[in-house]
2 protein chains.
Amino acid sequence: MGGVALICCATSLGFEPLPAQQQWSGVPAVEMADVTLLHTAHEPDILVRAVTRGLSDASSFAFLPDGDILVTEKEGRLRVIRDGVLDPAPLGGIPPVRHGAYSGLTEVVLHPDFARNRLIYLTYATGGEAPRIALARARYEGGELSDFEVVFETAGRPIGASGSRLLFAPDGSLFMTVGGAFNLGGSGGRAQDGRDHAGKILRLTDEGGPAPGNPFVGNPEYLPEVYSLGHRNPMGLAIHPETGELWAAEHAPQGGDEVNVVLPGRNYGWPIVSYGREYRGPRVTERWHQEGFETPTVVWLPSVAPSGIMFYTGDRFPGWTGNLFAGSLRVGRILRTGHIERVILNDEGEEVGREAILTELRQRIRDVKQGPDGLIYALTDEDEGSGVLLRIEPVGP
Amino acid sequence: MGGVALICCATSLGFEPLPAQQQWSGVPAVEMADVTLLHTAHEPDILVRAVTRGLSDASSFAFLPDGDILVTEKEGRLRVIRDGVLDPAPLGGIPPVRHGAYSGLTEVVLHPDFARNRLIYLTYATGGEAPRIALARARYEGGELSDFEVVFETAGRPIGASGSRLLFAPDGSLFMTVGGAFNLGGSGGRAQDGRDHAGKILRLTDEGGPAPGNPFVGNPEYLPEVYSLGHRNPMGLAIHPETGELWAAEHAPQGGDEVNVVLPGRNYGWPIVSYGREYRGPRVTERWHQEGFETPTVVWLPSVAPSGIMFYTGDRFPGWTGNLFAGSLRVGRILRTGHIERVILNDEGEEVGREAILTELRQRIRDVKQGPDGLIYALTDEDEGSGVLLRIEPVGP
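Remember, it's a predicted structure, so these values are computed and weren't measured experimentally.

**Thoughts on the overall build of chain A**
Here is step 1 of the chain: Secondary structure assignment for chain A yields 1 helix and 26 strands.
Here is step 2 of the chain: Scaling as 2.2 N^0.38, a compact globule of 397 residues should have a C-alpha radius of gyration of about 21 Å, and chain A matches this with 20 Å.
Here is step 3 of the chain: For chain A, the C-alpha atoms occupy an extent of roughly 70 × 55 × 45 Å along the three principal directions.
Here is step 4 of the chain: Burial statistics for chain A: of 397 residues in total, 63% are counted as buried.
Here is step 5 of the chain: Within chain A, contacts between residues at least 6 apart in sequence are counted, and of these 55% link residues at least 24 apart.
Here is step 6 of the chain: A total of about 13800 Å² of accessible surface is found on chain A, and carbon and sulfur atoms cover 50% of it.
Here is step 7 of the chain: One finds the centroid of the 35 positive side-chain charges in chain A at a distance of 5 Å from the centroid of its 51 negative side-chain charges.

Spelled out as structure tokens, the structure:
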């Protein structure tokens, strides 16, 4: 009892630029230590290790079979981490990208048959007066990129501020998220337009065409790549390890971020059904339920700005088996409040609890993935070289 | 850069007992320092001072005109703090109460004309085989309690696990919350039964009778004290400083805690419309919107277990003027995650942002009130003498 505590000592005040309506003062950043000991509810002691520093606006990462890690930086750089060391030279062969607060070179994944064909897939924003999202593939071999090829681009009206995630499904098809349906009274309605790629999750072949069995093939009111609609800004994709279902996380404006179990041909409601408010205060809609629109599996109020998601299937954190993890960029509009959201599910995939972890570190977590070693890796989205790849480890034997 | 950080060092593992279905492991408690420096988004530096220690299961507090503070402890003790020092002897004259995880001696408020009549009002759980909530008043003068008198008791079916809050409105009427409508398939439906006090907000005279102008007076389907219905477990009351409206916070089960603007005769929907899940996973209801039921002003997903609420109207925290503050007992079912929720409102009373503050302290915050000095006081609900009255102070001149 007694004494004086100094918690969360400020070291710098480097706030990320945000659109004017989001210009909120924030709490000071915490400088990442090399190793931090934290306690959580079901894994009492964890270490968070800064594996690799020096990243800028990092967005996604992929584990290679040889232990190297590929990382995208939104400005358009594809980086390589070898034995924890960031190669100072980005890989050559990436075309210039259109870089904004939300967009740029956002995603990298390996082809399921990478060990044989060495193919990686990337998404990025491109185009001048007509911005769009491109899906490209390239060969990554001997530490070099070759045969870069655009295999799909969003069609129709321009798509500006949008990232894009990729995920190969067990059947070999490729899910691709497209946002860009942000604004009420503006782009928001595009999420409901089947002829517009904005606000959709697409299902493609590894050649970039519509995947066989897509729900709207042959329906003239929909583009053939569309798998689901009514998304605002989907930023995370994962396959449920037991059911094989696609789960997707997306950002709402102020409150109402969602994780949905994404089924073919279903409509997830944006902007007709939403659970939050416009930034200036009014509700997006009074109708929190409407027939014909799916109810999300997980909702966050206030927003946590969920980005990459994963299910934990390893054996290093027995208390976390089967849990859903989501990187959080911030809570509400308060900067430096990013963390990782842990969602505990029962055998039916229904939520039975949540915990925010790594809150003490005050990092924007852009992506979170299970490593080949069964540990959990997280990528911070901080600028000017202060981004870090983190590894979460259990304490003890 | 670099170094090793040890954050949130465990000092003890004294978890509060909860019902079996809520028996979750938690993060370790943090021992309260005498003074803690914290940073927040809009008041960059605040001090949190442990003004008074030694409280057990404290529930509410009231500022007396002479500077003393009355505090209720749920086991049935009314305590006095003088110059920050807790009188070791509770006040005499309080009858035995029925004490449980949620119930006991929960509330103390002053009559608006206390300076003249010296009347205080208390709520507590009472009754043996037929538990109910009682409203009593007594005279507090010369450091002693006298003329203790029960002026109202809940009628009809027994009400077991429920606290109760009180608030005198500007017109002199007395709002009283009654919970006890927790369980789906069990007590929950009582919130919709106008002849049952459970799950209601009541409006009374200072004599304990139905207040004039109550919305259902003369309607045989409602008890005359009922002001609003469809509440699950309302634990916080405040009057909006500009509009004079009643705002009330209530607990949902797993996700869906609410703050409502409470209007006479309105139905707030529990258990027909709710935004969360049963603890075991299934949704409370698929219908997140239904005609005839009010949509809450603030919703928390996951739950923060909001307790006492207040609007800040002082001049010591200019960045917090007009904000709504809610004590939080925990996030989800993770123990030791209590804090204070700050909700930022625009001139129309619509939310434009939220921030969780005092998270680093890991205290269950049962009540939060603005002091006569314009500072913010918070009461922690910890057991066996480890409860603390906190004072939040700005740093600087």
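**Thoughts on the packing of aromatic side chains**
Here is step 1 of the chain: One pass over the structure, following the stated rule, counts 27 aromatic pairs over all chains.
Here is step 2 of the chain: Ring geometry for Y124 of chain B and F148 of chain B: centres 6.1 Å apart, planes at 45°, overall tilted. Highlighted residues: Y124 of chain B in strand 9 (residues 119–126) and F148 of chain B in strand 11 (residues 144–153), separated in sequence by 24 residues.
Here is step 3 of the chain: In this structure Y124 of chain B comes out as buried when scored by relative accessible area, which is 4%.
Here is step 4 of the chain: Between F216 of chain B and Y222 of chain B, the aromatic rings sit 3.7 Å apart at their centres with planes inclined by 5°, giving stacked as the arrangement. When sorted by exposure, F216 of chain B lands in the same class as Y222 of chain B, which is buried.
Here is step 5 of the chain: By the ring-pair criterion, three or more aromatic residues cluster together here, those being Y275 and W288 of chain A together with Y275 and W288 of chain B.
Here is step 6 of the chain: The ring centre of F61 of chain A lies 4.9 Å from the NZ or CZ of K369 of chain A, which sits over that ring.

**Details of the sheet that holds strand 17 (residues 246–250) of chain A**
Residues and elements named next belong to chain A.
Here is step 1 of the chain: Taken in spatial order, the 4 strands line up as 16-17-18-19 in an open sheet, and their pairing is antiparallel. Each of the sheet's edge strands pairs with one partner strand only, and the pair in question is strand 16 (234–239) and strand 19 (298–300). The mean inter-strand angle of the sheet, taken between neighbouring strand axes irrespective of direction, is 15°.
Here is step 2 of the chain: Note that strand 16 and strand 17 share 5 bridges and pair antiparallel. Paired with P234 across the strands is E250, a residue of strand 17.

**Observations concerning the pairing of strand 3 (residues 46–55) of chain A**
Residue and element names in this part refer to chain A.
Here is step 1 of the chain: By the bridge criterion, 4 bridges tie strand 2 (residues 35–38) to strand 3 in an arrangement that is antiparallel. Each residue of the ladder has a partner; that of L38, found in strand 3, is I46.
Here is step 2 of the chain: The pairing of strand 3 with strand 26 (residues 387–394) spans 7 bridges and is antiparallel. Looking at strand 26, one finds that R49 is bridged to R391.

**Remarks on the side chain of S228 of chain A**
Residues and elements named next belong to chain A.
Here is step 1 of the chain: Relative to the helices and strands, S228 is located in strand 15 (residues 226–229).
Here is step 2 of the chain: A distance of 2.8 Å separates the side chain of S228 from the side chain of H231, its partner in a polar contact.
Here is step 3 of the chain: Aside from chain neighbours lying at most four places away, what touches S228 is K200, I201, V262, L263, R266 and Y268.

**Describing the sheet that holds strand 12 (residues 166–168) of chain A**
Residue and element names in this part refer to chain A.
Here is step 1 of the chain: Within the open sheet, the 4 strands sit side by side as 12-13-14-15. Their pairing is antiparallel. Here the strands that pair on one side only, and so sit at the sheet edges, are strand 12 and strand 15. With strand direction ignored, the average angle separating the axes of adjacent strands in the sheet is 20°.
Here is step 2 of the chain: Strand direction decides the pairing type here: strand 13 (residues 174–178) and strand 14 (residues 200–204), joined by 5 bridges, are antiparallel. Paired with L174 across the strands is L204, a residue of strand 14.

**What about the environment of E141 of chain A?**
Here is step 1 of the chain: Structurally, E141 of chain A can be placed in strand 10 (residues 132–141).
Here is step 2 of the chain: Spatially, the C-alpha atoms of E141 of chain A and R118 of chain A are 6.4 Å apart, while their sequence positions differ by 23 residues.

**Structural notes on the side chain of N346 of chain B**
Here is step 1 of the chain: Turning to its location among the elements, N346 of chain B is positioned in the loop between strand 22 (339–345) and strand 23 (351–357).
Here is step 2 of the chain: The residues touching N346 of chain B, leaving out its near neighbours within four places in the chain, are R280 and G281 of chain A together with V352 of chain B.

**Regarding the confidence of the model for chain A**
Residue and element names in this part refer to chain A.
Here is step 1 of the chain: Considering every residue of chain A, the mean pLDDT works out to 91; 93% of them sit at 70 or more.
Here is step 2 of the chain: Note that residues 6–23 has pLDDT below 50 and, in this model, 39 contacts with residues that lie over four places away or in other chains.
Here is step 3 of the chain: Scored as a complex, the prediction yields pTM 0.93 and ipTM 0.91.

**With respect to the environment of L237 of chain B**
Residues and elements named next belong to chain B.
Here is step 1 of the chain: Secondary-structure assignment places L237 in strand 16 (residues 234–239).
Here is step 2 of the chain: Overall, the relative accessible area of 8% leaves L237 in the buried class.
Here is step 3 of the chain: Between the C-alpha atom of L237 and that of I376, which follows or precedes it by 139 residues, the distance is 16 Å.
Here is step 4 of the chain: Beyond its immediate sequence surroundings of up to four residues, L237 is in contact with R165, L166, L167, F175, T177, I201, L246, W247, A248 and I309.

Rules of the game
Residues numbered from 1 in each chain as written. Chains lettered and ligands numbered in written order. Predicted model: local features only at pLDDT ≥ 70, side-chain atom pairs only at ≥ 80, totals over all residues. Heavy atoms only, no water. Helix = DSSP H or I, 4+ residues; strand = E, 2+ residues; numbered from the N terminus. Rg over C-alpha atoms; globule rule 2.2 N^0.38 Å. Buried < 20%, exposed > 50% of the residue type's maximum accessible area, 1.4 Å probe, protein only. Contact = heavy atoms within 4.5 Å. Areas by Shrake-Rupley, 256 points an atom, 1.4 Å probe, with all protein chains shown as cover. Lys, Arg positive; Asp, Glu negative; His and termini not counted. Charge placed at Lys NZ, Arg CZ, Asp CG, Glu CD. Phe/Tyr/Trp six-rings, centres within 6.5 Å; stacked < 30°, edge-to-face > 60°. Lys NZ or Arg CZ within 6 Å of the ring centre and 35° of its normal. Pairing = 2+ DSSP bridges. Axes fitted to C-alpha atoms, helices over the stretch in contact; angles between N-to-C directions. Polar contact = N/O pair within 3.5 Å; in protein donor to acceptor, adjacent residues only side chain to side chain. pLDDT = per-residue confidence, 0-100.

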